[in-house]
Amino acid sequence: MNPEFQLEGRAPGSLAGARIVVAMSGGVDSSVVAALAAASGAETIGVTLQLYDHGAAVGRTGSCCAGQDIRDARAVADRLGIAHYVFDYESRFRDSVIADFADEYAAGRTPIPCVRCNQGVKFTDLFGIARDLGADCLATGHYVRRVAGAGGRAELHRAADPARDQSYFLFATTRDQLDYLRFPLGAMPKPRVREIAAELGLGVAAKPDSQDICFVPDGDYASIVKRLRPEAAEEGEIVGLDGRVLGRHRGLIHFTVGQRRGIEIGGSPEPLYVVRLEPETKRLVVGPRRALAVSAAMLDDVNWIGEGYEGPLTAKVRSLAKPVPARFEDGAVRFDQPEYGVAPGQAAVLYAGDRVLGGGWIRATVPAELAVAA
């Protein structure tokens, strides 16, 4: 078995005769994956999906899947001597990711477009392309590990470098997808990836990492939502937990659960945070930090790849959050201790140690104070 690409039935140390499709976004990570695939002896094909073209975005580096990034991917493929294809998926991305992003904000939820993208155009449409090309696997630059578990069945694990781990964004990966996917960077620290790129003379070796949502060129996500769902930008009341009107806000699209900045209400004996958004009445409900504590999160569209696991688990409700002890019962995550900053629209991802068991989309939360009162 090749240690990076895990293709069974191939001669040790060589993947001659195999075909690997690499998802190339134009960044250093996917470029190094393409280089590793080419060095393995496999026929390597780079595929880039053009997902958006929003004016300034096409010239901005450090994003993905548009303009300069597509040119960077092509230059890397030329350097490596591999085939490279670009497919136009802009309308599909607009309908399945950007429109959903706007809808979620308009509904008062906190969306995670990177997961929606992985669920859709990346891990569905790219799969179709890779299979049509006769590939043995689809390789990506994600920082996660694919580990052979009991009985040889593939498991999804967190990256060896916790600072780079992207497993939270891949909780919706299905069993069939995991069997076909490969993540050769999961055991590497990011500095080593850049070293490989520099050693190979790849022009993207020092290219900055993507920091913002890829289709928001300047980080101003509210302008995207306002353009697509203008009603979400309408002003409304700021109210306390008791319903008392405290002031006015400039549009729910500027707020998410747990936010403190931008409320601009004076005279409160303690800091105020966004507790919930009510798009039907355009009200922003605020309260003290203790009002953010929740005891449970109800999930929709649960994806489970932890077959056969029975034991303690932990849960993450934000990509940068620390996993906390929890139980998963009847479609709900129940936290052992009150958890803060849990917002509808986010994902709750479940782990057994480093192994990803699955997760789902948070539909609603149970305030810790209510749980205690009950």
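Nothing here was measured: the structure is a model prediction, and the numbers come from that model.

Turning our attention to the pairing of strand 11 (residues 283-287). Extensive coverage of strand 11 is indicated by the burial of 4 of its 5 residues. Pairing of strand 8 (residues 236-239) with strand 11, which is carried by 2 bridges, proceeds in the parallel orientation. Paired with I238 across the strands is L284, a residue of strand 11. In the sheet, strand 10 (residues 273-278) pairs with strand 11 via 5 bridges, with the strands oriented antiparallel. Bridging across to strand 11, L277 finds its partner in L284. Linkage of strand 10 to strand 11, two consecutive antiparallel strands, is achieved through a turn of 4 residues, within which K282 is found at a positive phi near 60 degrees.

The α-helix winds at 3.6 residues per turn, so residues separated by three or four positions along the chain end up facing the same way. Under the 1.5 Å per step criterion, the end-to-end length of helix 4 (residues 113-132) is 26 Å for 20 residues, consistent within 8% with the ideal 28 Å. At Q119, helix 4 shows its maximal kink, close to 30 degrees. Taken residue by residue, helix 4 has P113, V115, C117, N118, G120, V121, F123, D125, L126, F127, I129 and A130 as its buried positions. Downstream of helix 4 by one or two residues, G134 has phi in the positive range, about 75 degrees.

The next point concerns the packing of helix 1 (residues 28-39) against helix 6 (residues 190-199). When two helices pack together, their arrangement is given by the angle between the helix axes and the distance between those axes. It is at 9 Å that the axes of helix 1 and helix 6 come closest, and there the two elements cross at 60 degrees. What the angle tells us is that helix 1 and helix 6 run oblique. Considering the relative orientation of helix 1 and helix 6, their crossing is left-handed. Residue-level inspection shows V28, D29 and V32 of helix 1 in contact with helix 6, the latter providing K190, V193, R194, I196 and A197.

Turning to the UniProt feature "domain: tRNA-specific 2-thiouridylase MnmA-like C-terminal" (unreviewed entry) in the protein, a few remarks are in order. With numbering matched to this structure, UniProt assigns "domain: tRNA-specific 2-thiouridylase MnmA-like C-terminal" (unreviewed entry) to residues 299-362. As annotated, residues 299-362 comprises 0% helix and 59% strand, and the C-alpha atoms at either end are separated by 5 Å.

Another aspect to go through is the UniProt feature "binding site: ATP" (unreviewed entry) in the protein. The positions UniProt marks with the feature "binding site: ATP" (unreviewed entry) are A23, M24, S25, G26, G27, V28, D29, S30, L49 and G141. Leaving out residues up to four positions away in the same chain, G27 has contacts with V204 and K207. Looking at the element boundaries, L49 is found in strand 2 (residues 43-50). Overall, the relative accessible area of 5% leaves L49 in the buried class.

Before going further, it helps to examine the sheet that holds strand 7 (residues 181-182). An order of 3-2-1-4-7 is seen for the 5 strands of this open sheet, with the pairing classed as parallel. Among the strands making up the open sheet, the edge pair consists of strand 3 (83-88) and strand 7. With 3 bridges connecting them, strand 1 (residues 19-23) and strand 4 (residues 137-139) associate as parallel partners. If you follow V21 over to strand 4, its bridge partner there is L138.

Closest axis-to-axis distance for the helix 3 (residues 90-106)/helix 7 (residues 221-228) pair is 9 Å, and the angle between their directions is 90 degrees. When the axis of helix 3 is compared with that of helix 7, the two are roughly perpendicular. Here I98, F101, A102 and Y105 of helix 3 come into contact with helix 7, specifically with Y221, I224, V225 and L228. Residues that form the contact of helix 3 with helix 7 fall into these classes: 8 nonpolar, no polar and no charged.

Another point: unusual backbone geometry. A positive phi is found at Q6, a non-glycine position, where the angle reads about 50 degrees. Locating Q6 in the fold gives a position in the segment before strand 1. With a phi close to 55 degrees, E264 is a non-glycine residue in the positive phi region. With respect to the element layout, E264 can be found in the loop between strand 9 (245-249) and strand 10.

Parameters at a glance
Residues numbered from 1 in each chain as written. Predicted model: local features only at pLDDT ≥ 70, side-chain atom pairs only at ≥ 80, totals over all residues. Heavy atoms only, no water. Buried < 20%, exposed > 50% of the residue type's maximum accessible area, 1.4 Å probe, protein only. Helix = DSSP H or I, 4+ residues; strand = E, 2+ residues; numbered from the N terminus. Pairing = 2+ DSSP bridges. Expected span 1.5 Å × (residues − 1). Bend = angle between axes of the 7 residues up to and from the residue. Axes fitted to C-alpha atoms, helices over the stretch in contact; angles between N-to-C directions. Parallel < 35°, antiparallel > 145°, perpendicular 65-115°, else oblique. Left-handed = near helix turned anticlockwise from the far one by under 90°. Contact = heavy atoms within 4.5 Å. UniProt positions renumbered as here; feature names shortened; annotations may be inferred. Nonpolar A, V, L, I, M, F, W, Y, C, P; charged D, E, K, R; others polar.

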